[in-house]
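# Survey of secondary and tertiary structure
Residues per chain are reported as follows:
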Amino acid sequence: MKIPSLLFSGVLILGLHAHSASGDKELINTAKALFGIIPAKAPAPDKISAEQIELGRKIFFDYRLSKDGSTTCVRCHQPQYFSTDRLAQSAGFNNNKGARNAQSILNLKYQDIVHWRNDRTSIEDQALRSFTTPLSYGNSSTEEALKRFELAGYTPLFQKAFPKSEKPLTLENAASALGSYQRSLTTRAPFDRFMEGDVKAISTQARQGLQEFITVGCASCHNGTAVGGRTMQKFGVFQNYWNVTKSKNPDKGRQDVTKKDEDLYVFKVPSLRNITETAPYFHDASAKDLETAIRWMGKLQLNKDLSDNQVVLIKAFLESLTGELPKNFREAPTLPPEPYAGLEPL
Ligand code: HEC
Ligand code: HEC
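Residues numbered from 1 in each chain as written. Chains lettered and ligands numbered in written order. Predicted model: local features only at pLDDT ≥ 70, side-chain atom pairs only at ≥ 80, totals over all residues. Heavy atoms only, no water.

Take the coordination of the iron atom of ligand 1 next. When a metal carries six donors in an octahedron, the ideal angles between them are 90 or 180 degrees, while four donors in a tetrahedron ideally lie at 109.5 degrees. Just one protein ligand coordinates the iron atom of ligand 1, and it is H77 (NE2) at 2.1 Å. As for its placement among the helices and strands, H77 is situated in the loop between α4 (73–76) and α5 (123–131). (Donors = N, O, S within 2.8 Å, 3.2 Å for Na, K, Ca; no water. Helix = DSSP H or I, 4+ residues; strand = E, 2+ residues; numbered from the N terminus.)

The peptide bond linking A279 to P280 adopts the cis configuration, its omega dihedral lying at -5°. With respect to the element layout, P280 can be found in the loop between β2 (266–268) and α13 (290–302). Of note, the phi angle at H115 is positive, near 85°, even though the residue is not glycine. By the element assignment, H115 lies in the loop between α4 and α5. Despite not being glycine, N303 shows a phi value in the positive range, around 55°. Tracing the backbone shows N303 in the loop between α13 and α14 (308–319). Exposure remark for N303: the relative accessible area of 49% places this residue in the partly exposed category. (Buried < 20%, exposed > 50% of the residue type's maximum accessible area, 1.4 Å probe, protein only.)

Near ligand 2, the surroundings consist of 28 residues, among which C218, C221, H222, H283 and M297 are the closest. At 2.9 Å, a side-chain N or O of H222 approaches a nitrogen atom of ligand 2. H283 places a polar side-chain atom, nitrogen or oxygen, 2.7 Å from an oxygen atom of ligand 2. The set of elements that each furnish at least two residues to the shell around ligand 2 consists of β2 and α13. For the shell around ligand 2, the element with the most residues is α13, which contributes 7 residues. Here the shell around ligand 2 is built from residues that sort into 20 nonpolar, 7 polar and 1 charged. (Near = heavy atom within 4 Å. Polar contact = N/O pair within 3.5 Å; in protein donor to acceptor, adjacent residues only side chain to side chain. Nonpolar A, V, L, I, M, F, W, Y, C, P; charged D, E, K, R; others polar.)

Taken as a whole, the protein is organised into domain 1 (5–34 + 188–319) and domain 2 (47–186). The distance between the C-alpha centroids of domain 1 and domain 2 comes to 29 Å. The interface of domain 1 with domain 2 comprises 26 residues on the first partner and 21 residues on the second. Interface area, domain 1 with domain 2, both sides summed: about 2000 Å², of which 56% is carbon and sulfur. Broken down residue by residue, the surface that domain 1 buries against domain 2 is led by K268, E277 and H283, which jointly contribute 25%. Our count for the domain 1 to domain 2 interface comes out at 1 salt bridge. Taking the shortest distance from any N to any O, the salt bridge between D251 and R100 comes out at 2.8 Å. At the boundary of domain 1 and domain 2, one finds 9 residue pairs in polar contact (both at pLDDT 80 or more). Taken together, the elements giving at least two residues each to the side of domain 1 that touches domain 2 come down to α12 (255–258) and β2. Here the residues of the side of domain 1 that touches domain 2 are counted per class, giving 9 nonpolar, 9 polar and 8 charged. (Domains from an automatic or database assignment. Contact = heavy atoms within 4.5 Å. Buried area = accessible area lost by both parts, 1.4 Å probe. Salt bridge = Lys/Arg side-chain N within 4 Å of Asp/Glu carboxyl O.)

A word on the coordination of the iron atom of ligand 2. Looking at the iron atom of ligand 2, the protein donor atoms are H222 (NE2) and M297 (SD), and they sit 2.1 to 2.2 Å from it. Taken together, the 6 donor atoms coordinating the iron atom of ligand 2 and their angles of 86 to 179° define a geometry best described as octahedral. A residue pair is termed long-range when its members are at least 10 positions apart, and H222 in the loop between α10 (204–216) and β1 (232–234) and M297 in helix α13 qualify at 75 residues. Look at H222 and you get buried, because its relative accessible area is 9%. Of the residues examined, M297 reaches a relative accessible area of 21% and is grouped as partly exposed. (Tetrahedral: all angles 85-135°; square planar, octahedral: opposite > 155°, others 65-115°.)

Moving on: the side chain of D85. For D85, the position within the fold is in the loop between α4 and α5. The buried charged residue D85 lacks any salt bridge, with R75 as its nearest oppositely charged partner at 7.2 Å. A distance of 2.8 Å separates a polar atom in the side chain of D85 from a polar atom in the side chain of S90. With residues near it in sequence (within four places) discarded, D85 still touches R75, C76, Q78, S90 and A102. (Lys, Arg positive; Asp, Glu negative; His and termini not counted.)

The subject of this paragraph is helix α6 (residues 142–151). Listed as buried for α6 are E144, A145, L146, R148 and F149. As for α6, its buried residues are in contact with α3 (47–61), α5, α7 (155–161) and α8 (171–183).

Attention now moves to the confidence of the model for the protein. In the predicted model, the protein carries a mean pLDDT of 92, and 93% of its residues have values of at least 70. Low confidence marks residues 8–16, where pLDDT is under 50. Its contacts with residues over four positions away, or in another chain, come to 14 contacts. (pLDDT = per-residue confidence, 0-100.)

Below you can see the structure in the form of structure tokens.
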């Protein structure tokens, strides 16, 4: 949980000559030590894995799997909003409101923590519990959830994707397929090309913003390939977060899960990949735009009043983290046909 201050010892010096060619090289090297590159081409999955990824994709998009056809993963994780929903609180079955702002499911491959409060052990665990949470799918039991997969025509797809399973159609296998699908969704961005050595892949402002992001201290928490997603940290290190965000009924964060004092107001450090596309910000959607979120982070996490220029530069850097949506998320899949009920066609 401690902030790795060691990372910064070499970085402050760097600011002096960031504009020269050697400065650019040094900036790339510093960035590579803190972040990671999303490669242009991921290794192709084997045949079975490809079946599982495609099965997960269909499940992700299939509204027939909820009690009233109102809800499935994509309702709250929409492609046009880079896997969020623009709502302060997502709505599921019967328009039940979720407790927090929906997070993106992109680039989870590069993250260790699941949910704002780290209350799921893996993305498979997350998916498994979704199907039977009455608030989201409206299913009240495992049997009911499984029946919906059967009625929607999934039995043969599970047999194909899990040929070694004695009983292929299970919620565990559905969760496993969703896990494989979500891990396949990554968004390579101009920043990755920059780290590969293409200095001009991001603007001068973005490079200066990267420098600020590191020097000011943002990267002490937002680091790794996803630029976040690896640790839990207190929201409001220097003062109560709601003094600044004006949040009503402050959420206690991880403490509600563990009941430990040290977890009070502790939340997942979110990934900042595609952050320009996923407003509103923070677990309670208290920041409506990115400038505000950047300014508040400076104040709450680092005790710094960022200047307007610093905010502009950091935002330019964050823009360079917005990538391309993978085709298998951008486009809806063809869903399985429901089993033929035996009626003669008209
Ligand atoms: C009703 C809206 C809704 C539906 C339906 C929904 N989600 Fe979510 N999802 C959310 C919200 C809200 C969060 C944040 C929850 C929290 O942390 O308290 C979230 C978080 C997640 C996360 C964690 C991401 C992270 O960065 O930690 C994953 C993974 C995820 N959802 C996957 C799924 C999958 C897979 C499905 C379908 C089986 C699904 N979601 C269905 C709203 C929804
Ligand atoms: C001490 C750790 C820490 C530092 C330093 C830090 N952050 Fe954060 N950041 C967090 C945490 C934790 C959250 C989630 C807060 C919440 O919503 O509960 C967050 C959330 C954010 C968000 C909103 C993400 C979303 O999906 O809603 C942005 C944007 C952000 N940080 C940018 C920055 C910038 C820019 C800096 C530097 C000025 C910075 N952060 C410094 C820990 C940190």
